[in-house]
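The residues making up each chain are set out below.
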Amino acid sequence: MSYANAVKLLRLAIAASGRVGVTLSDIEEMFECNRRSAQRMTVALTDVFVNTDRWVDDEQFAHWRLPAESVVAFLTPTPEELAVLARAIDKLRNDGAANEADALKRLEEKVLAAIPRSLRARIEVDEEALLQALGLAARPGPRPVVEPDVDHQIATALKARHAIDILYKGWRDTEPRWRKLGPHGLLLGTRRYLVAQDLERKDNRPRHYRVEDILEVRESDENFVWIDDFDIANHARGGFSSYVNEEEIEDIVWKFTPGAAHRAQRFVFHPDQTTRTEPDGSLVISFRACGLLEMCWHLYAWGDKVEVLAPEALRAMVAGYRRSDFESLP
């Protein structure tokens, strides 16, 4: 079963868990499909949920009904749904509808209380993301241009573990060409990279494709085998930002002046970093990563308040660009 069909079947099961279940007309309206498709969906429902009950009402309409406990595990609200609910409460209160806002707030409390403790960690929302969803925060600054259809297709393929075909123009390509990929994850940063296997090669290793250079995405019918033990979080630890090349990982050592040490202590430059405070108050940061160019972009903002101790290649790249006239530190 495809990812899209699985989502439809789950929606149908949730609807069927109501008191009277669903009829063929209900299914046609819900999914904007014809009668034959609705009939096929009821067959799939009874195949997957064997405790589906079919009954006929007084007007001779057939209903398909599921016990509520059959789908309770699928009813946990998503972070996006909780954010919309909170936004609705806020809007009602701002519009002067205090009673309605209080009623919806009580509903929110009941929804949150009904979530099993074991599932709560799955819907914890990053505070910044939630504030943005509520319209209470913004993320200024330059960011990559987003192509919604490309992003949606990639997200769908990642969740379903489907192969995809992408029309891609890398920086070495004179013209875009189609590539067949097995997507494994996304690296997000100044640049965004899709981490994927090139299914037309046999080396079974992850490669990186800039999302902004993907012109079109199509779902592929080709199967692919997941790279053994691949984990996107562990893979990302090899880079300083979103660029990762495991062959370029090396020891990185930076030394911040005593005057900048307090500010540098409030940054996590890398999840595996170690820190050491010198007798003069300077701060030494060490970690292993690749992405020297992205490091240069960041180091420039610190002016002459940071010195690169290693590697020598990075030290040479920042030489001549360590300014002393910046009015503020990052």
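Here, every reference points to the structure presented above.
Predicted model only: the values in this text are computed from it and were never measured.

> An account of the sheet that holds strand β4 (residues 177-187) is needed here, citing residue identities and associated values.
Neighbouring strands of a sheet are bound in pairs by backbone hydrogen bonds; such pairs are parallel or else antiparallel. Taken together, five strands build an open sheet; the order of strands is β6-β5-β4-β3-β7 and the sheet is antiparallel. Edge positions in the sheet fall to β6 (207-210) and β7 (214-219), since each has one partner strand and no second. Ignoring strand direction, the axes of neighbouring strands in this sheet form an average angle of 50°. Each of β3 (164-168), β4, β5 (193-198) and β7 is contacted by helix α8 (residues 148-160), which is oriented at about 40° to β7, the strand it contacts most.

> Account for the nonpolar core, naming residues and giving values.
One finds W254, F256, F269, F287, M295 and L314 to be the most contacted residues of the largest nonpolar core, which totals 21 residues. Counting residues per element, the ones that place at least two in this core are β8 (250-256), α10 (258-264), β10 (283-289), α11 (292-300), β11 (306-310) and α12 (312-318). When residues no more than four places from it in sequence are discounted, the contact partners of F269 are F240, W254, F256, A264, I285, F287, H298 and W302. The next biggest cluster of nonpolar side chains, apart from the first, holds 16 residues, and it includes A13, A38, L66 and V71.

> Tell me what's going on with the sheet that holds strand β9 (residues 274-277), and back it up with residues and numbers.
Judged by pairing direction, the sheet is antiparallel, and its four strands sit side by side in the order β9-β10-β8-β11 without closing on themselves. Edge strands, defined here as strands with exactly one partner in the open sheet, are β9 and β11. Direction aside, neighbouring strands of the sheet carry axes that sit 25° apart on average. Both β8 and β11 contribute to a ladder of four bridges, which runs antiparallel. When the bridges of β11 are listed, W254 appears paired with V308. Packing against the sheet, α11 makes contact with β8, β10 and β11, and its axis sits at approximately 5° to β8.

> Describe helix α3 (residues 35-48), listing the residues and the values that go with them.
Given 3.6 residues per turn, any residue in an α-helix points the same way as the ones three and four places further on. Between its first and last C-alpha atoms α3 spans 20 Å; for 14 residues at 1.5 Å apiece the expected length is 20 Å, and the two agree. All buried positions along α3 are accounted for by S37, A38, M41, T42 and L45. Taken end-on, α3 shows its buried residues confined to a sector of 145°, consistent with a single buried face. Exposed residues on α3 whose side chains face more than 90 degrees from its buried face are R36 and D47. Two to three positions downstream of the cap, the backbone nitrogen of R36 sits 3.3 Å from a side-chain oxygen, assigning the N-cap of α3 to N34.

> Explain the pattern of salt bridges to me, and be specific about the residues and the numbers.
If you walk through the whole model with that rule in mind, you get 18 salt bridges. In this structure, the salt-bridge partner of D198 is R201, at a minimum N-O distance of 3.5 Å. The exposure class assigned to D198 is buried, which follows from its relative accessible area of 7%. Through salt bridges with shared partners, a single ionic network connects D151, R192 and E212.

> Residue-level account of the packing of helix α4 (residues 79-94) against helix α5 (residues 98-114), with values.
Think of two packed helices as two axes; the pair is described by the angle between the axes and how far apart they sit. Packing of α4 against α5 brings their axes to within 8 Å, and their N-to-C directions diverge by 160°. Taken together, α4 and α5 sit at an angle that is classed as roughly antiparallel. Where α4 crosses over α5, the handedness of that crossing is left-handed. In contact with L82, L85, A86, A88, I89, L92 and R93 of α4, α5 contributes A98, E100, A101, D102, L104, K105, E108, V111 and L112. Here the contact of α4 with α5 is built from residues that sort into eleven nonpolar, no polar and five charged.

> Describe the side chain of Q197, naming the residues involved and giving the relevant values.
Within the secondary structure layout, Q197 lies in strand β5. With relative accessibility at 6%, the residue Q197 sits in the buried group. A distance of 2.7 Å separates polar atoms of two side chains, one belonging to Q197 and the other to N204. Contact partners of Q197, with chain neighbours within four places excluded, come to K180, L181, G182, H184, N204, R205, F224, V225, W226 and I227.

About the criteria used
Residues numbered from 1 in each chain as written. Predicted model: local features only at pLDDT ≥ 70, side-chain atom pairs only at ≥ 80, totals over all residues. Heavy atoms only, no water. Pairing = 2+ DSSP bridges. Helix = DSSP H or I, 4+ residues; strand = E, 2+ residues; numbered from the N terminus. Axes fitted to C-alpha atoms, helices over the stretch in contact; angles between N-to-C directions. Contact = heavy atoms within 4.5 Å. Core = buried A, V, L, I, M, F, W, Y, C linked by side-chain atoms within 4.5 Å. Buried < 20%, exposed > 50% of the residue type's maximum accessible area, 1.4 Å probe, protein only. Expected span 1.5 Å × (residues − 1). Arc of directions from axis to C-beta. Polar contact = N/O pair within 3.5 Å; in protein donor to acceptor, adjacent residues only side chain to side chain. Salt bridge = Lys/Arg side-chain N within 4 Å of Asp/Glu carboxyl O. Parallel < 35°, antiparallel > 145°, perpendicular 65-115°, else oblique. Left-handed = near helix turned anticlockwise from the far one by under 90°. Nonpolar A, V, L, I, M, F, W, Y, C, P; charged D, E, K, R; others polar.

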